[in-house]
Structures are given as structure tokens and as C-alpha cells.
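Okay, here's what each chain looks like letter by letter:
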Amino acid sequence: MSTEPLLDIENVEAGYGETKVLRELSLSVQEGEIVSLVGRNGAGKTTTLRSIVGIISPTSGTITYRGADITDLDATETVQQGLAFVPEERQIFPELTVKENLELADYGGAPDVDSFSIGEALEMFENLKERASNPGSSLSGGEQQMLAIARALVGGADLILLDEPTEGLAPYIVQDVMDIVEELNERGITILLVEQNVHVCLELADRNYLIDQGEIVYEGTSAELEANEEILDKYLGVTA
Amino acid sequence: MLGTAIQQLLDGITLGLVYVLLAAGLSVIFGVMNVINFAHGELAVLGAYLAVALTIQTGIGSTAFVAALVIAPFLVGIIGVALERYTVQPLYGRNPLYHILLTFGLVLVINDLVYLIWGTGSFRLPRPGVLTGTIGAFGLGISSYNVFMIVSGTLMAFAVWALLEYTKYGLIIRAGSQDRQMVRNLGIEIDRYYSLVFGVGAGLAAFAGIILAGNRQANPELGMSIIIPAFVIVVLGGLGSFKGAVVGGLLVGILQESILRPWVPWLEGMVIFVLMIAILLIRPHGLFGTELAEEGGSERLLAGRAGGLLERETRLKLGLVMIGVLALVPIVAGLLGNQFWVTFGSRVLVWALFALSLDFVMGYTGLVSLGHALFLGLGAYAVVLGLIHVTSSVFVALALAIALSAAIAWIVGFLSIRVAGVYFAMITLAFAELYYNLLYRLEITGGSEGLGLIGHDYYYGIAGVGASLDDVAFFVGPVVLTGHSLFYYVVLGALVASYFVTRRMLQSPFGSVLKSIRENEERATFLGYNTIVYKRRAFVVSGAFAGLAGGLFALNNAFVSPSAAEWLKSGEVIVMVILGGMGTLYGPIIGAGAFFGLEQLLTHYTGRWRLVLGTIFVLFVIFLPRGLVSVPTMLAPYLPGGPGPAADPGQLPEEAKTEGDD
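Residues numbered from 1 in each chain as written. Chains lettered and ligands numbered in written order. Predicted model: local features only at pLDDT ≥ 70, side-chain atom pairs only at ≥ 80, totals over all residues.

Q: How should I be thinking about the overall build of chain A in this particular structure?
A: The helix and strand inventory of chain A stands at 10 helices and 10 strands. The C-alpha radius of gyration of chain A comes to 17 Å, within 12% of the 18 Å expected for a compact globule of 240 residues. Counting only C-alpha atoms, chain A reaches 50 × 40 × 40 Å along its principal axes. Among the 240 residues that make up chain A, the fraction classed as buried is 47%. (Helix = DSSP H or I, 4+ residues; strand = E, 2+ residues; numbered from the N terminus. Rg over C-alpha atoms; globule rule 2.2 N^0.38 Å. Buried ≥ 20, exposed ≤ 12 C-beta atoms within 10 Å, placed from the backbone.)

Q: What am I meant to see in the overall build of chain B here?
A: Scanning chain B from N- to C-terminus turns up 24 helices and 8 strands. Its C-alpha atoms give chain B a radius of gyration of 26 Å, near enough to 26 Å, the size a compact globule of 662 residues would have. In terms of overall dimensions, chain B has a C-alpha envelope of 80 × 60 × 50 Å along the principal axes. For chain B, buried positions account for 52% of its 662 residues. Counting contacts in chain B only where the partners sit at least 6 residues apart, residues at least 24 apart contribute 78% of the total. (Contact = placed C-beta atoms within 7 Å.)

Q: Explain the interface of chain B and chain A here, please?
A: By a frequent convention, interface size equals the accessible area lost on bringing the separate parts together. Taken together, the 16 residues of chain B in the interface contact 23 residues of chain A. Counting residues per element, the ones that place at least two in the side of chain B that touches chain A are helix H6 (168-176) and helix H7 (180-185) of chain B. The dominant element in the side of chain B that touches chain A, judged by the number of residues it contributes, is H6 of chain B, at 5 residues. Split into classes, the residues belonging to the side of chain B that touches chain A amount to 6 nonpolar, 5 polar and 5 charged. (Nonpolar A, V, L, I, M, F, W, Y, C, P; charged D, E, K, R; others polar.)

Q: Can you help me understand the pairing of strand S7 (residues 159-163) of chain A in this one?
A: One face of the sheet, then the other: side chains in a regular strand alternate in exactly this way. Residues and elements named next belong to chain A. Burial analysis of S7 places 5 of its 5 residues in the buried class, which makes it a mostly covered element. Judged by which residues are buried, S7 turns out to be covered on both faces: Leu159, Leu161 and Asp163 on one side and Ile160 and Leu162 on the other are all buried. In the sheet, strand S6 (residues 83-86) pairs with S7 via 4 bridges, with the strands oriented parallel. Its bridge partner lying in S7, Val86 is registered against Leu162. Alignment of S7 against strand S8 (residues 190-195), held across 5 bridges, turns out to be parallel. Within the sheet, the bridge partner assigned to Leu159 lies in S8 and is Thr190. (Pairing = 2+ DSSP bridges.)

Q: What is the right way to read the sheet that holds strand S1 (residues 7-16) of chain A from this model?
A: Sheets are built from strands that pair by backbone hydrogen bonding, the pairs being arranged parallel or antiparallel. Residue and element names in this part refer to chain A. Pairing is antiparallel in the open sheet, where 4 strands are placed in the order S2-S1-S4-S5. Of all the strands in the sheet, the pair left with one neighbour each is strand S2 (19-29) and strand S5 (68-69). Alignment of strand S4 (residues 60-65) against S5, held across 2 bridges, turns out to be antiparallel. Across the sheet, Thr64 pairs through a bridge with Asp69, a residue of S5. Its contacts with the sheet place helix H1 (residues 45-53) against S1, S2 and S4, and it is angled at close to 70 degrees to S2. (Axes fitted to C-alpha atoms, helices over the stretch in contact; angles between N-to-C directions.)

Q: When you look at the domain arrangement of chain B in this model, what are you seeing that I'm missing?
A: Residue and element names in this part refer to chain B. For chain B, the assigned domains read domain 1 (2-265) and domain 2 (312-659). Of note, the centres of domain 1 and domain 2, computed from C-alpha atoms alone, are 35 Å apart. On the domain 2 side, the residues contacting the 23 residues of domain 1 number 21 residues. At the level of elements, helix H4 (97-118) and helix H9 (222-237) are the ones that each hand at least two residues to the side of domain 1 that touches domain 2. The greatest single-element share of the side of domain 1 that touches domain 2, amounting to 15 residues, is contributed by H4. (Domains from an automatic or database assignment.)

Q: Sorry, what's going on with the nonpolar core here?
A: The tendency in soluble globular proteins is for nonpolar side chains to be buried side by side. Ile160 and Leu161 of chain A together with Leu21, Leu22, Ile210, Leu353 and Ala355 of chain B are the most contacted members of the largest nonpolar core, which totals 287 residues. Sort the elements by how many residues they give to this core and helix H1 (residues 2-33) of chain B lands first, with 17 residues. The residues touching Leu21 of chain B, leaving out its near neighbours within four places in the chain, are Gly153, Met156, Ala157, Leu204, Phe207 and Ala208 of chain B. (Core = buried A, V, L, I, M, F, W, Y, C linked by C-beta atoms within 7 Å.)

Q: Looking at this structure, how should I read the sheet that holds strand S3 (residues 34-39) of chain A?
A: Residue and element names in this part refer to chain A. Taken in spatial order, the 6 strands make up an open sheet running S6-S7-S8-S3-S9-S10, and their pairing is mixed. Each of the sheet's edge strands pairs with one partner strand only, and the pair in question is S6 and strand S10 (215-221). The sheet shows a mean angle of 15 degrees between the axes of neighbouring strands, direction not considered. The sheet contacts of H1 involve S3, S6, S7, S8 and strand S9 (207-212), and relative to S7 the element is tilted by about 145 degrees. Helix H7 (residues 171-186) rests against S3, S7 and S8 of the sheet, and its axis sits at about 155 degrees to S8.

Q: What is the right way to read unusual backbone geometry from this model?
A: Although it is not a glycine, Gln213 of chain A adopts a positive phi angle of roughly 45 degrees. One can find Gln213 of chain A in the loop between S9 and S10. A positive phi angle, near 65 degrees, is found at Asn34 of chain B, a position not held by glycine.

Q: For this particular structure, what's the right way to read helix H11 (residues 271-282) of chain B?
A: Owing to its 3.6 residues per turn, the α-helix brings residues three or four apart onto one side. All names here are of chain B. Taking 1.5 Å as the rise per residue, H11 with 12 residues should run 16 Å; its terminal C-alpha atoms sit 16 Å apart, in good agreement. Here H11 has its buried residues at Ile272, Phe273, Met276, Ile277, Ile279 and Leu280. Each buried residue of H11 sits inside an arc of 165 degrees when the element is viewed along its axis, so together they form one side. Looking at H11, the residues exposed on the side facing more than 90 degrees away from the buried face are Val274, Ala278 and Ile282. Its buried side turned inward, H11 meets H9, helix H10 (242-263) and helix H16 (421-441). (Expected span 1.5 Å × (residues − 1). Arc of directions from axis to C-beta.)

Q: Sorry, what's going on with the packing of H11 of chain B against H16 of chain B here?
A: Angle between the axes and distance between the axes are the two parameters that describe a pair of packed helices. All names here are of chain B. Packing of H11 against H16 leaves a shortest axis separation of 9 Å and a crossing angle of 155 degrees. Comparing their axes, H16 and H11 come out roughly antiparallel. In terms of crossing hand, the pair formed by H11 and H16 is left-handed. Note on element contacts: H16 touches H11 through Tyr423, Met426, Ile427, Ala430, Phe431, Glu433, Leu434 and Asn437, opposite Phe273, Val274, Met276, Ile277 and Leu280. Tallied by class, the residues present in the contact of H11 with H16 amount to 11 nonpolar, 1 polar and 1 charged. (Parallel < 35°, antiparallel > 145°, perpendicular 65-115°, else oblique. Left-handed = near helix turned anticlockwise from the far one by under 90°.)

Q: Explain the pairing of S8 of chain A here, please?
A: Residue and element names in this part refer to chain A. Burial analysis of S8 places 6 of its 6 residues in the buried class, which makes it a mostly covered element. Neither face of S8 is open: one carries Thr190, Leu192 and Val194, the other Ile191, Leu193 and Glu195, and all of them are buried. Examined bridge by bridge, S3 and S8 share 5 bridges and lie parallel to one another. Residue pairing in the sheet places Leu37 in a bridge with Val194 of S8. One crossover worth recording links S7 to the parallel S8 by way of H7, and it is right-handed. (Right-handed = clockwise from strand over helix to strand, strands pointing away.)

Q: Is there a simple way to explain helix H12 (residues 312-336) of chain B in this structure?
A: All names here are of chain B. Its 25 residues give H12 an end-to-end C-alpha distance of 36 Å, which sits within 8% of 36 Å, the value for a rise of 1.5 Å per residue. Of all the residues in H12, the buried ones are Leu326, Val329, Pro330, Ala333 and Gly334. Where the residues of H12 are buried, they touch helix H13 (340-365), strand S7 (479-481) and helix H17 (484-507). Immediately downstream of H12, the backbone of Gly337 shows phi near 65 degrees, a positive value.

Q: Honestly, the UniProt feature "domain: ABC transporter" (unreviewed entry) in chain A in this entry has me stumped. Any pointers?
A: On the UniProt side, "domain: ABC transporter" (unreviewed entry) is annotated at positions that read residues 7-238 of chain A here. Annotation note: span residues 7-238 of chain A, helix share 39%, strand share 27%, distance between end C-alpha atoms 29 Å. (UniProt positions renumbered as here; feature names shortened; annotations may be inferred.)

Q: What is the right way to look at the packing of H6 of chain B against helix H8 (residues 191-213) of chain B in this model?
A: Residue and element names in this part refer to chain B. In the contact formed by H6 and H8, the axes pass within 11 Å of each other and the chain directions differ by 100 degrees. Between H6 and H8, the angle is such that the two are roughly perpendicular. Residues Tyr169, Ile172, Ile173 and Gly176 of H6 touch H8, and the partners they reach there are Tyr193, Leu196 and Val197. Grouping the constituent residues of the contact of H6 with H8 by class yields 6 nonpolar, 1 polar and no charged.

Q: Explanation requested: the confidence of the model for chain B in the structure shown.
A: In low-pLDDT regions, the fine details of the predicted coordinates are not to be read closely. Residues and elements named next belong to chain B. Here chain B shows a mean pLDDT of 85. Residues at 70 or above account for 92%. Every residue in residues 293-298 is under pLDDT 50, and counting partners more than four places away or in other chains gives 8 contacts. When the criterion is pLDDT under 50, residues 641-662 qualifies, and its contacts beyond four places in sequence or with other chains add up to 42 contacts. Overall fold confidence for the complex sits at a pTM of 0.84, while the interface term, ipTM, reaches 0.90. (pLDDT = per-residue confidence, 0-100.)

Q: So what exactly am I meant to see when it comes to the environment of Ile211 of chain B here?
A: Residue and element names in this part refer to chain B. Topologically, Ile211 is positioned in helix H8. Expressed as a C-alpha distance, the spacing of Ile211 and Leu21, which sit 190 residues apart in the sequence, is 11 Å. Among all residues touching Ile211, those that are not within four sequence positions of it are Val18, Met149, Ser152 and Gly153.

Laid out in C-alpha cells, this is it:
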């Protein structure tokens, strides 16, 4: 990998108040990849994403995106650069309709990045199209996840940060979500995926980072990780 | 009969629409920015006065009226934008309760400005000829101005609704009131919309104020009287919900004007507070509100910091010197032949005790009571009623006051402490307003006349042993201490005793739990403490001391009226606590001294001293939230051995900082 990474995180430390969650964390994502960050509850996965987006600011280390330093940008500014954040729990607006949720994303997002129109996004997600004028609160968990992803597309993104997209979803919906992630990737969108479910990572990701207690403890392709039973057992308590 | 009913219904809708316009701005401002704007009523008054000024300038006629209706809200809107930018904005990221404090300061400032510019008289907005007659319909004569109010109010409410529903701004604002951070995460700079929201809200309030001022007599106090129902409506409908503001506004308007006033006037003014309390208890997020993500609610209140600068022993000595100085006041006043300082001193000490009581619950458990005047009023009426009907011993009457206030505090605490932060502030306000209105209605409390102690004999003592202060005299050199001078010592004694009792409590295990709640309530819970029980106990202690302060308050005046429980008093005592520095027991005492010292100083120059006080308070909230007691700590690194920061007598303890050569 000789090309410059799209997203590069170097020695980032971050936390909440006096509690340090990330310690000297480094990882990078190349353009066009699907990279997973997998680890147990409380390992620092979400904190990593929140640091990248700028919801919390790292106490040390640097984060670069397309070669530019984005360490100290806030969430609004990073999103305007073309990173989209699809948070855990989806955080769609429950009292806005599906269409309004998308319109809002259209007002925001990255101005310089090619984005989906609201119509295109609704074409892609059949269920949402049917429910375009229903309030967000009436959607099922899977539909909310679709809406959260559609929102990122309408805003325009070269890199989507997905926080536990399959959490709490029924198995057949998990498959739908995975299909969508692959489809997005085929359309040229880079994905950084945070997951507790290693099977989702192994199936989707080109490369995987394993995070434990705020540090990257392992990096490898899905094939390598799948073969490494010792690591899987030690850090995730699973056998693939 | 039916005609009257229709007329009353129309009156209710008319007032309801005014409320809708007020509450809509208030509610949306809260939803988007988490700011409870106490100054909203003052902005309405400002609009009304500007409109009058404009119509008088441009001649009274339809054109002038319409011009005023457009220009005045616009001007107030601009003022709103400026207020948001220069006072509200610096406080984002702090505990939302600071916004309550800030906007309370703004109430004092704007209210006094209105007095200063337009005087104290009441007025009615000159209406153009077309709107003065009546319109015949259904065999009724309906005032054409009422029709105008209903039509223009409805149109305005529709305009706001359309703005929220169908524009880009509206969508962003609606989304912001659900989840601000997620709006930011979508790449939208929501903070840029804050000024706009505040400005539009202010303009709406102004519009409401203007049309109301054409309907009834208005005066500078109008803002104080409409802000409380507006709060009730916002709470009722749901903080942040426009729909809630509309439904709540019409409901309260019709309830007040069409049902309570004509049919059960006795209950007028009380039902809405009962309703507000019920809603807060059963469904704190109101009829149409959504449960709010507790964003920013976890930021702590900023306690005063003075500890550590002086040795414990030095501080004790300073305290004793302070008590000594205070004890000399009546003697010096006697030597100078000026009794003013004795009555003034008594007043300051009563308020110092009241402020101390509030700080015990606000500074140590983080519960901001917006209705602490409830306990002042309870104590005051308990003493007066006790002395008139039950006993002639002042001590017994004071004990009654303490017991009654503590009991009511337990009940209020039992009901309210489950709700946190802003909701707690609102519910305490509702209880205080309920009591305040009750005082007007009850026979036994003498209604608005109040009750006097003149003509009733009472003595300081117990079981018949004791004497009236007027019958006792001490001779200190040429000075005779009697009556008021002795009462001064009673108050000083009560304050000193209360100080030491509360201090002892804070050093006990109970106090340690309170402090741990203040530092981090969650962790205190993890340690196995039922923090609600501890907070309630602190609230009861606070209520008891406030009741004592209330009793002394009534004795000092030998009179009590409902104003003892008005919400302005609750606000003023918060001002004192913040000025001095909350979370320290001497801070509020210093704050009370500074408050009245300032008043005394300023009334020499201007009758509108609240303007200056409010400005100082606003500056304190923005720049010095830890209060006067934190000044030496802040200055210590810069001014080694420098003089004390101010010549305020209340600040005596700071002078010893000259010793802190560090």
C-alpha cells in the first residue's frame, strides 16, 4: 500500500473528562476499502469514531483526511469535508418524516462531494419510499438504519463511518444491511465499520483492526483474521 | 345567557392567542437552545411601549397603527438577536440553569429601562377608529378589536407554523429541538440559527404585547404578570413543542377568561398552577413534548472558591471579627443618632439568612429552587398568624414558622425532587405561585391587604416569661438599646446560629453525602446512597431556615402581605447567592450585603437601581459565575500582597488576603 491513505489516524489519545479511553491509537483507511474496527463492548470503538468526526476532540495525536489535518475540526466541519457519520442507535429525528429527515441531510453534508438526490436515495431503499411521509418514529429498527445510511448518501460522502449498523436487528435484516454496505462500496464509497459482531466484519471488510482497551492489538485481512483462532479467542471470545 | 357565554369564550380565545404567540417563542427557544428565557415577558412589554411611541410619533390612525405593528416587533427582534449574541451565547455549554439566572438579570434590566424611558403610568395603545366599535353578529355586539386580535393572532400563529413546517429554517429548527448534536453531525451549523430563533421569538412576543396593550391597560409590570402563565403553557404543552404552545395557550386562555373568571373567580390564578404541577409530576415533557436528550444538563453549577487561600484559623478569626463588627452596628448608629442603619442592617441580615437557606440546597445539592419565596412567605404568615391567633410568644411563633416551612418543604420535596434540573426549577416556581395566589384569596391571610401586628402584644420569651423588646433597654455608654436595636441582635443571633448549625451539618456524614452529590450525583448513587432522599432532607433543612428568615422578615416589618411570596423575591435571593458565590456558607451572606449595599449606594443617584444591579448581575453570570468569594482566589496570582478588591463592607473577609503573600 504505497498510496496516501484517505483517512489516517496517528497516536490518538482521547477520552471523557479524566477518563482516557483511547491510548496511542493508530489506524488508516485507503480509498475504496471497507475497513472494520472490531472489539468488545467498551474497547473504544465508538470513541474512535467520535474522535474522527469531531464530537470529542483528541488530547493528542493527529487525524488527517485526504492529507489535511482534521484533528481539531468539529463535527459540522468534518462532515462538510465529506465524512459522514452514521451513529449507533441511528439517531434519526423521530418527529420529522422520512422525507424531512433526508431534506435536512440535503441542507447539510459536504458541498463538494457528489451526493444522491432524495429521489435516488428513496429508489435505493424501497421501504423508505413507501414511508416517505411517515414520521421517523414509525420506522422499524432496520428501516431506521436504512434511513440513517440514506441520510449520509444525500448529504454526500466519500467516507462513511458506520457505528454498529447491525446492532439489535433481526438476522435477515442484518443481511440486508450488509448487502447495502457492499453496494455502497461498489459505488466507490469508502467505509469504516465499527462492529462487535466479528462475522459481519469478516464477511464485509477488506482489512480488520482489532481494538482492546483503547489500543489496536491486531491488524489483518479478513482471511488472516479468520485463520487466527488465538486472537479471535483472546480478544473476542469467539471461534470463527 | 348564551350571548354572554359566547362573549366570554371570545375573550378567552383572544387572551389565549396572545399566550400562544408568547409561548411559541418561549418554547421553540427552549427546544432549540435549551434556554429558558425569563425576559420574554419584558420583550413583549418593550414591544408594546415601542408601538405606543411609534403611533404617537406618527399620528394616530390606521397607517400608524399598522406601521407600529410591523416596526415595533422588528425592532424588538433585533434587540433579541443582540441579546442572544452578547449575553446568551457566552453561556452555551454551561448548565442550562445559568440561562435562567442570566435572563432573570435581563428582566431587571429591561424592566427598569422601560420605567426609565416611559415612566410608571399605565396606558392603552391608541387604536384606529375602525377597531374601536362593535360588530353585530348573531345578535351580539362583538368588539371589533377582539375580532382584530383573533384574526391577527391566528394569522401570526399560522405564519409561524408555516415557517416551521415548510421552510428550510423551520426544518432545521424542528430537527434541532429534537437532537442538536445530530444536526451538527449532518454538517449543519445549527449555532448560526440560534440568533435568528431568539430574534423571531422576541418579535413574536412583542407582537403579542402590542395587541394585548390595545385590549387592556398596560404598564411596565405587564411583563412580570404574563411571563408566569406563559411558562405554565410551555410546560403544559411540552417544552420545545409549537403544537403544545398553541393548544396550551388556547386552553389556559379559555380556562382563565371563559371559565374561571366568570364562574369560579375564587380559583382564578390557582388552577393553572395546580395543572402545571400535575403535568410536571405525571408527564414532565408535557402534552406534546418529547422526552429530551439530557444534553448539557450534566454540566455542574459553579460553586464559589475561596477555600485554601486562608488558613482555617485565620478564617475563623475573620468570622469572629465580622460578627463583632456587625454587633457594633446598633451602638455606632446610636452614637451617631441615626437609626436607619439598624433597620437597614436588620433587613440585610434577614435576607442573608434567607440566602443562606437557599444556598444550602442550591449550592450543595445543585437543586435550583425558583420558588424559595414560598418558604419566606410561609414563615412570615405563620409568625403573624401565630401571634394573632395562637400565642403571644415570638419564640413559639418562630418555631411554628420553622415547623410549617419544613413540613411544606418535605411535601414539595417529596413531589418535586424526582424531576431534575429545569423541571425542578419550574415545579418549585409553580408551588410558590400557587401559594402566592392563595394568599390573595384567603380570608384568614387578609387578602391583598395583608396582616399587621400593630395592636397585638407579643413578647420575646417562652411560657409567659419574657418581655417585649420595647420594654427592655440596655445602656451602653450614652446609647440606649431598645426596640429595633434589640431586634437587630435577635436577627444577628439567628443568622450566626443558623450559620453554625448548617456548617456543623455539612461537616457531618450527611454533609459529605451532599457534597458528593454536588460533585457527581451518579457516583454518589453508585456508592449506594439514595441521593433523592438526601436531596429531600437538604430541601427540608433549607425550607426550615427560609421559614425562620420569613418569620423574622415579618417581625421586622410588623406586617406581612402576599408580596413576601412573589416570584421576584425568589429571583432576588438567587441573585444574592450568585453574587456572593454559591456552595460556600458565607458567600450568600456576603451576597446579601453586596446586594443591599449596592441598592443603598445606587438609590442615592437613581430610583432605577435595578437597572444597574441587573447589569452587574448579568456580568457576574457571564464572567464571574463563582461569585465575589472567588475574587481573591482569582486575583491572588496576579496581585501578591495587593489591597482587597473592593471597598464593600460585606467583603470584609477578603481583606486578609494581604496576608496571602503568594
